[in-house]
There are 2 protein chains.
Amino acid sequence: MTSVEGHRRPPTAQQFVLEELRRAITTGRLRPGDPIRQEALAEEFDVSRVPLREALKTLEGEGLVTYKAHRGYCVQRLSLDDLREVYLIRELLEAEAVRRAVERLTDDGLAAAERAQAEVERAAAAGDVLEMAEANRRFHMTIFEWSGLPRLVRLIRTLWDSTDAYRSLYYGEEPNRQRVIEEHRATLDLLRRRDTEAVVRVLAAHRAHAVTAIEERLAPGTTGGFGAADF
Amino acid sequence: MTSVEGHRRPPTAQQFVLEELRRAITTGRLRPGDPIRQEALAEEFDVSRVPLREALKTLEGEGLVTYKAHRGYCVQRLSLDDLREVYLIRELLEAEAVRRAVERLTDDGLAAAERAQAEVERAAAAGDVLEMAEANRRFHMTIFEWSGLPRLVRLIRTLWDSTDAYRSLYYGEEPNRQRVIEEHRATLDLLRRRDTEAVVRVLAAHRAHAVTAIEERLAPGTTGGFGAADF
DNA sequence: GCTCCGTATTTTGGATCCAATATTGATTAT
DNA sequence: ATAATCAATATTGGATCCAAAATACGGAGC
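Residues numbered from 1 in each chain as written. Chains lettered and ligands numbered in written order. Predicted model: local features only at pLDDT ≥ 70, side-chain atom pairs only at ≥ 80, totals over all residues.

1. Considering the overall build of chain A
Next up, step 1: In terms of helices and strands, chain A carries 10 helices and two strands.
Next up, step 2: Taken from N to C terminus, the helices and strands of chain A fall in the order α-α-α-β-β-α-α-α-α-α-α-α.
Next up, step 3: When the backbone C-alpha atoms are referred to their principal axes, chain A occupies close to 55 × 50 × 35 Å.
Next up, step 4: Here chain A, with 231 residues, has 33% of them falling under the buried criterion.
Next up, step 5: The contacts of chain A with a sequence gap of at least 6 include a subset with a gap of at least 24, amounting to 72%. (Helix = DSSP H or I, 4+ residues; strand = E, 2+ residues; numbered from the N terminus. Buried ≥ 20, exposed ≤ 12 C-beta atoms within 10 Å, placed from the backbone. Contact = placed C-beta atoms within 7 Å.)

As structure tokens, then:
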């Protein structure tokens, strides 16, 4: 049956496998540093190695896995330095995206952001961490989209992808969830007033909090990479 | 024989095909908007479709080609807006990369940049546009590398890739070549003095000149995409 | 003439098989 | 015991073949 389920299966095996791989990495089933055994994974997903390899090429482009000729793929091990670098780049790109977005934002756009925020709060109340992470993403992307710069948004989205595992870590703790909600509300407030620079500042702080929290969470013990399943 | 030629053949077919595809796109042999016929291309490069498709996945990630399920790949058509967007993003990222680079730059690093510039000037004198483009790239990347931010550099490199065709256009004209050389010399001068903000300004102007020149070159007639072979 | 429909052809998607390379483990010499 | 070498094994890279989907074509109906 081709019913309208939450997640219907994609039209090609490579896209299906791509989604599964992403999930496996962000949930920590595939841990950073792990080599990727194509045969085993292909069998698990019930596809051949061809679409699997194409999906891996995509993930390589996004920086989620590394590749060495004749040695295959590994789940990318993100050091703290890597994490900081990704957040630095996000800072640069998102600041610009937000500036443009505020200039062009209509009431419709604002309403869309507010709807996304409502979903964030609903998920938080329900204690559904995974759904909250997704809604949070929709909230931010909705705003970025209003920049009218599709390539910029695409880049930002890729950067989010590459640190999904860390973000789940962040949302795993209640005070962080609460803080996210408050900061989103502040953002919406400033968006309504079209106070561009204030929005940029709030969102910069928003990111900084996440980095700090993750650093603290990670610093003790873990020297290099980490497993997202650690929590 | 595995002699030390200029370009030795990569260890895998996918990497070989990737290089060939890039060349084909940047030189305009494959024109923007063209659908990519896998069978024909694979035969031309004398490989099967499997490595070809993996190379195409990589290019998709870089934004050089687009992909639709069951309809295959197309060479990305870059509108003027797209071009401006890429240069805007480069502005954001490269400014940061340069700031960090100047702070960390040693005399060795400076010497490397000077060597690259010497190659640029040699190629320009020899009228070798292709080699000049490559040397120019080395010049800038050498500087960016000194930022110590590998992911940032990787992103910048991808952005350069996605507009290679346009850049060849720029280097096709003598006054532009001359201007590039002068601006590089100015950059080196300011680098020696570690005048960070001045370097950032010069390089911003450097990029702006390129955009302006390309816009003028493209504006008359061409409404949307263009073929890099037009010159 | 135009549209709609069904078939033929082309093109992409994927599975299997074989080749090439890397890794592992055992054997031997020092 | 250790290091080096070579064979056995595991794993990736690539070619061919078949299936599925999209496109092109031709004819029937209006």
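2. Notes on the nonpolar core
Next up, step 1: Judged by nonpolar contacts, the single largest core of 56 residues is most densely connected at Ala97 of chain A together with Ala97 of chain B.
Next up, step 2: Residue contacts for Ala97 of chain B: discarding those within four places in its chain leaves Phe144, Ser147, Leu149, Leu152, Val153 and Ile156 of chain B. (Core = buried A, V, L, I, M, F, W, Y, C linked by C-beta atoms within 7 Å.)

3. Let's talk about the protein's contact with DNA strand D
Next up, step 1: Looking at DNA strand D, there are 18 residues lining it, with Gly72 of chain A together with Thr12, Ala13, Ser48 and His70 of chain B nearest.
Next up, step 2: Per element, the largest residue contribution to the surface near DNA strand D is three residues, and it comes from helix 3 (residues 49-62) of chain B. (Near = placed C-beta within 6 Å.)

4. Here we look at the pairing of strand 2 (residues 72-75) of chain B
All names here are of chain B.
Next up, step 1: The pairing of strand 1 (residues 65-68) with strand 2 spans four bridges and is antiparallel. In the sheet register, Val65 faces strand 2, and the bridge partner there is Val75.
Next up, step 2: Counting the residues that bridge the hairpin from strand 1 to strand 2 gives three residues, and of these His70 lies at a positive phi of roughly 65 degrees. (Pairing = 2+ DSSP bridges.)

5. Re the relation of the copies chain B and chain A
Next up, step 1: Once chain B is rotated about the relating axis by 180 degrees and shifted along it by 0.1 Å, it coincides with chain A to within an RMSD of 0.1 Å. What we have between these two chains is a two-fold relation.
Next up, step 2: Counting the interface residues of chain B, we find that 100% of their copies in chain A are interface residues as well, pointing to one common contact surface. (Least-squares fit on C-alpha atoms with pLDDT ≥ 70 in both.)

6. Considering the packing of helix 6 (residues 129-145) of chain B against helix 8 (residues 164-171) of chain B
Residue and element names in this part refer to chain B.
Next up, step 1: At their nearest, the axes of helix 6 and helix 8 sit 10 Å apart, and the two run at 120 degrees to each other. Like other packed secondary-structure pairs, helix 6 and helix 8 cross with a definite hand, here right-handed. Between helix 6 and helix 8, the contacting residues are Val129, Met132 and Ala133 on the first element and Arg167, Ser168 and Tyr171 on the second. (Axes fitted to C-alpha atoms, helices over the stretch in contact; angles between N-to-C directions. Left-handed = near helix turned anticlockwise from the far one by under 90°.)

7. Details of the environment of Glu94 of chain A
Next up, step 1: With respect to the element layout, Glu94 of chain A can be found in helix 4 (residues 80-104).
Next up, step 2: Once the C-alpha coordinates of Glu94 of chain A and Ala42 of chain A are considered, the two residues, 52 residues apart in sequence, prove to be 36 Å apart.

8. Description of the protein's contact with DNA strand C
Next up, step 1: Around DNA strand C, a shell composed of 18 residues is seen, among which Thr12, Ala13, Ser48 and His70 of chain A together with Gly72 of chain B lie nearest.
Next up, step 2: Among the elements of the structure, helix 1 (13-26) and helix 3 (49-62) of chain A together with helix 2 (38-45) of chain B are those that each provide at least two residues to the surface near DNA strand C.
Next up, step 3: The element that contributes the greatest number of residues to the surface near DNA strand C is helix 3 of chain A, accounting for three residues.
Next up, step 4: A class-by-class count of the residues in the surface near DNA strand C yields seven nonpolar, seven polar and four charged. (Nonpolar A, V, L, I, M, F, W, Y, C, P; charged D, E, K, R; others polar.)

9. Regarding the interface of chain B and chain A
Next up, step 1: Each partner contributes residues to the interface: chain B has 22 residues there, and chain A has 24 residues.
Next up, step 2: Every element with two or more residues in the side of chain B that touches chain A is listed here: helix 3, helix 4 (80-104) and helix 7 (150-162) of chain B.

10. Considering the environment of Thr142 of chain A
All names here are of chain A.
Next up, step 1: Considering the arrangement of structural elements, one finds Thr142 in helix 6 (residues 129-145).
Next up, step 2: Between the C-alpha atom of Thr142 and that of Glu114, which follows or precedes it by 28 residues, the distance is 9.7 Å.
Next up, step 3: Excluding anything up to four places from it in sequence, Thr142 contacts Ala112, Ala113 and Ala116.

11. Examining helix 10 (residues 196-218) of chain A
Residue and element names in this part refer to chain A.
Next up, step 1: Taking 1.5 Å of rise per residue, the 23 residues of helix 10 would be expected to cover 33 Å, and the 33 Å separating its terminal C-alpha atoms lies within 8% of that figure.
Next up, step 2: Taken together, the buried positions of helix 10 are occupied by Val199, Leu203, Ala210, Val211 and Ile214.
Next up, step 3: Where helix 10 is buried, its residues touch helix 4, helix 8 (164-171) and helix 9 (174-192). (Expected span 1.5 Å × (residues − 1).)

12. Considering the environment of Pro10 of chain A
Next up, step 1: With respect to the element layout, Pro10 of chain A can be found in the segment before helix 1.
Next up, step 2: Residues contacting Pro10 of chain A, with those up to four places away along its chain left out, are Gln15, Phe16 and Glu19 of chain A.

13. Observations concerning the confidence of the model for chain A
Residues and elements named next belong to chain A.
Next up, step 1: When pLDDT is averaged across chain A, the result is 90; 92% of the residues are at 70 or more.
Next up, step 2: Overall, residues 1-5 carries pLDDT values under 50, and its contacts beyond four positions in sequence, including any with other chains, amount to zero contacts.
Next up, step 3: Predicted confidence for residues 221-231 stays below pLDDT 50, and this span has 22 contacts to residues more than four positions away or in other chains. (pLDDT = per-residue confidence, 0-100.)

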